[in-house]
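Single-letter residue listing:
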Amino acid sequence: MRKAAMSAMRTVLCAIAATGLALGGALPADAAQLHDVNMDAVTQVRSISGTDGAENTMPGNPEAELPDTIAQSIPDDAEVVSEDHALTADGTLKDLATGKMITDPNLVGTQSSQPDPLAKTDGASFIPVEVDAVRTKIENASKAQSDASLSAETARSKATVRLASLPNNEYGAYWGTYNGTPAFFESNGNLFVQQAKGVIDVSEWQGDIDWAKAKSAGVEGAIIRISYGWGNGYDKKALRNISECKRLGIPFGIYMYSYAENSGNAASEGADVASLLRKAGVNLNDLQYPVYYDLEAWSWTGHAHPTSPAVYDGIVNAWFSQLRNAGYSNLAVYSYTSYLNNELNSSNIHAKTRWVAQYSSRMGYTAWSSNDRGWQYSSSVRVNGISGSVDVNAFGGKTYVQTGKWVWKDNHQYWQEADGAYARNKEIYDASTDAWYWIDADGSMVQNKDVYLRSNGGKWVRYDENGKMVKGEDYRYGGWYNFDSVTGAMSKGLTYVNSSGGKWVYYDEVTGKMVYGEKYLNADETSAGWYYFDPVTGKRVTGDVYLKSNGGKWVRYDENGKMVKGLQYRDKSWYYFDSTTGAMAHGRTWVPQWNAWHYFDAVTGRG
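Keep in mind it's a predicted model, so treat the numbers as computed, not measured. (Residues numbered from 1 in each chain as written. Predicted model: local features only at pLDDT ≥ 70, side-chain atom pairs only at ≥ 80, totals over all residues. Heavy atoms only, no water.)

This next bit is on the overall build of the protein chain. Helices and strands together make up the secondary structure of the protein chain, namely 9 helices and 37 strands. Counting over 607 residues, the protein chain shows a buried share of 53%. (Helix = DSSP H or I, 4+ residues; strand = E, 2+ residues; numbered from the N terminus. Buried < 20%, exposed > 50% of the residue type's maximum accessible area, 1.4 Å probe, protein only.)

Have a look at this one:
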């Protein structure tokens, strides 16, 4: 993938797509619980700050710094391909500031050798954009700076707010849930994919990745660069990355960057990739993601990338043919939206496109022909185990695909995955019943059982007699419990429930069972105090109540349910409540606030 980075790379959260990495075990309901946000059956929309036009960044490239100027000699129809370079229509790479032609063979290669396409940008992602668009933004940014005092750093911060455990992108596209599965959304709430996985794409520019740490951080898949052009051998870290993903069971796919000018070159690239895959010991069954043909506007001394969709049709068909003949049938095209809508604007190519880069609030490419697809939505994620930043992608399907089925055996139900394997120690979502289930260590579906899950921080959940995760109020074990209507997490502490017209109740911090009667709560300094919960309904009480404690007493609970102590003025009358017991004063009483004795009515307590 084409790369360029802003000088001050921002760190984002490391856990990618950690939802679904649940481990669980059967434990009693009275054990300690943790609360979290888990996958649910409805869409959850998050509000993310940021726009598609952060003043100091390149259009469509939020991590690439906007230049102060572009050399006059560079035409408007040239493409900016990094923070420092522009590519003209004849294939010449030029310095963005000076307009001078770039001749460094590390950046443009030689007549007979292709350069590493990531060298221009030190391995960071960059989506090409027309010079005219960049010039316009430079002008607008200059005007904005004269009209506002907002600093560049503040603007960058506003453009990259992320509010979730899954890293969202700089423009507001975000992770959430849909149909009970992880999902990725455009900033306006439109679903991109459900059953989504957080996938990174990597090359030698990420160095020696600690894949075990990356997996623990939540990485659910990888697309590994194997080569570029033809005859250049392996990406320097390809073999290591492939080996580690195999060893650790990380699903992976492959990509290669094309320098093809014609179908002959493409056939050479296809044959080269097939040979590299065979030598690496990668067969079709090893690949959970496709082998991708990366088609972009490239720069190579003495050569120019094609501009005709018809030429690209021949290129794509030749490459696909070589790979298919070698036994690799899971193939696809990768590119970016503007290229797909121009140079690659062909129904044949669009039918093969399943992975698109666009750093924006929305996915501009709409010609998807298959249900499965991937969006490379950010180039600036930092992941534990990886030095520097890495591209992150959301892969999944537009519509839900059932991936398994229930099987009856020995009077128990088991979940059989699409590959025939039986699930163990795993959460299962069944779209046909719109419910979550837990598969125990022996492979059977649990019933009438409380289970502790480690997903998203840890939580206690309950499965009913049919194995379905309980949500809402539930009477069991001689008491009432409540489970979050979205996540299924067992409630503890003060909780609002909708029953009995809506009420605040309290669930024991350890057992989760509803509490009745007097209870001292100490959540914080402001709310610390005694509360009373109705002995029948469990509802938090407000107002005056007679209690048998302390030999019998009248007490008062304020509008938040906290026991009143000391002097209180209400309904045009004074009342006094003992500073220790909260007992309402009757008769002659010493009032410390007044430093005097005062008489309070023997019946009503009014003073």
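All right, on to unusual backbone geometry then. Although it is not a glycine, glutamine 195 sits at a positive phi angle of roughly 50 degrees. Unlike most non-glycine residues, aspartate 410 shows phi in positive territory, near 55 degrees. Tracing the chain through its elements places aspartate 410 in the loop between β20 (404-409) and β21 (412-417).

With that settled, consider the nonpolar core. If you look at the biggest cluster of nonpolar residues, it comprises 90 residues, and the most contacted ones within it are Trp211, Ile254, Leu277 and Trp319. At 7 residues, helix α7 (residues 309-325) tops the list of elements feeding residues into this core. Both domains that meet at this core, namely domain 1 (55-139) and domain 2 (174-397), each give it at least three residues. In contact with leucine 277, not counting residues within four places along its chain, are Ile226, Ile254, Val282, Val291, Leu323 and Tyr328. (Core = buried A, V, L, I, M, F, W, Y, C linked by side-chain atoms within 4.5 Å. Domains from an automatic or database assignment. Contact = heavy atoms within 4.5 Å.)

This part takes up the packing of helix α6 (residues 263-279) against α7. As a packed pair, α6 and α7 sit with axes 7 Å apart at the nearest point and diverge in direction by 30 degrees. As summarised for this structure, α6 and α7 are arranged roughly parallel, according to the angle between their axes. As for the relative orientation of α6 and α7, their crossing is right-handed in sense. Every residue of α7 that contacts α6 at Ser263, Ala266, Ala267, Glu269, Gly270, Ala271, Val273, Ala274 and Leu277 is listed here: Gly314, Ile315, Ala318, Trp319, Gln322 and Leu323. The residue makeup of the contact of α6 with α7, split by class, is 10 nonpolar, 4 polar and 1 charged. (Axes fitted to C-alpha atoms, helices over the stretch in contact; angles between N-to-C directions. Parallel < 35°, antiparallel > 145°, perpendicular 65-115°, else oblique. Left-handed = near helix turned anticlockwise from the far one by under 90°. Nonpolar A, V, L, I, M, F, W, Y, C, P; charged D, E, K, R; others polar.)

A surface patch of nonpolar side chains, about 320 Å² in accessible area, is lined by Tyr475, Trp480 and Tyr516. Following the sequence through the fold, tyrosine 475 ends up in strand β26 (residues 472-476). (Patch = residues over 30% accessible without salt bridge, like charges linked within 9 Å, V, L, I, M, F, W, Y side chains within 5 Å. Areas by Shrake-Rupley, 256 points an atom, 1.4 Å probe, with all protein chains shown as cover. Salt bridge = Lys/Arg side-chain N within 4 Å of Asp/Glu carboxyl O.)

In this section: a negative patch on the surface. Among the surface-exposed residues, Asp77, Glu130, Asp132 and Glu139 lie close enough to one another that they form a single negatively charged patch. Within the element layout of this structure, glutamate 130 appears in strand β7 (residues 129-130). (Lys, Arg positive; Asp, Glu negative; His and termini not counted. Charge placed at Lys NZ, Arg CZ, Asp CG, Glu CD.)

So, on to the confidence of the model for the protein chain. With 87% of its residues at a pLDDT of at least 70, the protein chain reaches an overall mean of 86. Contacts for the low-pLDDT stretch residues 2-52, under 50 throughout, to residues beyond four places or in other chains number 214 contacts. Counting interchain partners and residues more than four positions distant, the pLDDT-below-50 stretch residues 146-166 has 38 contacts. (pLDDT = per-residue confidence, 0-100.)

Across all of its chains, the model carries 19 salt bridges by this definition. Arginine 240 is paired through a salt bridge with aspartate 208; the nearest N and O atoms lie 3.8 Å apart. With arginine 240 in helix α5 (residues 238-248) and aspartate 208 in the loop between β10 (191-202) and α4 (211-216), the pair connects residues that are 32 residues apart, well separated along the chain. Accessibility expressed as a relative area gives 32% for arginine 240, which makes it partly exposed. Among the ionic pairs, arginine 556 bridges to aspartate 544, the shortest N-O distance being 2.6 Å. Here arginine 556 is found in strand β33 (residues 553-557), whereas its partner aspartate 544 is found in strand β32 (residues 543-547), with 12 residues between them in sequence. A residue is classified by how much of its surface remains accessible, and arginine 556, at 1% relative accessible area, is buried. Linked through salt bridges whose partners overlap, the residues forming this network are Asp116, Glu204, Arg225, Asp235 and Lys236.

Strand order in the open sheet made by the 4 strands is β6-β5-β4-β7, with antiparallel pairing throughout. Lying at the two open borders of the sheet, with one neighbouring strand each, are β6 (93-95) and β7. (Pairing = 2+ DSSP bridges.)

Our next topic: α5. An α-helix turns once every 3.6 residues. As a result, residues three or four positions apart point the same way. Taken together, the buried positions of α5 are Ala238, Asn241, Ile242, Glu244, Cys245 and Leu248. The buried residues of α5 occupy an angular sector of 165 degrees when projected down its axis, which confines them to one face. Considering only its buried residues, α5 is in contact with β10, α4, β11 (221-228) and β12 (252-257). At the exit of α5 stands glycine 249, carrying a positive phi of roughly 70 degrees. (Arc of directions from axis to C-beta.)

Under the definition given, this model contains 41 aromatic pairs. Between tryptophan 406 and tyrosine 437, the ring centres sit 5.0 Å apart and the planes meet at 70 degrees, which makes this aromatic pair edge-to-face. In this pair, tryptophan 406 sits in strand β20 while tyrosine 437 sits in strand β23 (residues 435-439), placing the two residues 31 residues apart along the sequence. For tryptophan 406, a relative accessible area of 22% corresponds to the partly exposed category. (Phe/Tyr/Trp six-rings, centres within 6.5 Å; stacked < 30°, edge-to-face > 60°.)

The next thing to look at is α7. Helix length check: α7, at 17 residues, gives a terminal C-alpha distance of 24 Å against a target of 24 Å (1.5 Å per residue), a fit within 8%. The set of residues buried in α7 consists of Tyr312, Ile315, Val316, Ala318, Trp319, Phe320 and Leu323. Elements in contact with the buried residues of α7: β12, α6, β13 (291-294), β16 (331-336), α8 (337-340) and α9 (347-352). Regarding α7, its N-cap is serine 308, as a side-chain oxygen of that residue lies 3.2 Å from the backbone nitrogen of alanine 310 further along. Of the residues one or two after α7, glycine 327 is the one with positive phi, at around 95 degrees. (Expected span 1.5 Å × (residues − 1). Polar contact = N/O pair within 3.5 Å; in protein donor to acceptor, adjacent residues only side chain to side chain.)

The next subject is the side chain of aspartate 450. Residue placement: aspartate 450 occurs in strand β24 (residues 449-453). By relative accessible area, which is 4% here, aspartate 450 ends up buried.

This next bit is on the pairing of strand β8 (residues 174-178). With 4 of 5 residues buried, β8 lies mostly within the body of the structure. Note: β8 against strand β9 (residues 181-185), 5 bridges, orientation antiparallel. Bridge pairing in β9 places tyrosine 178 opposite threonine 181.

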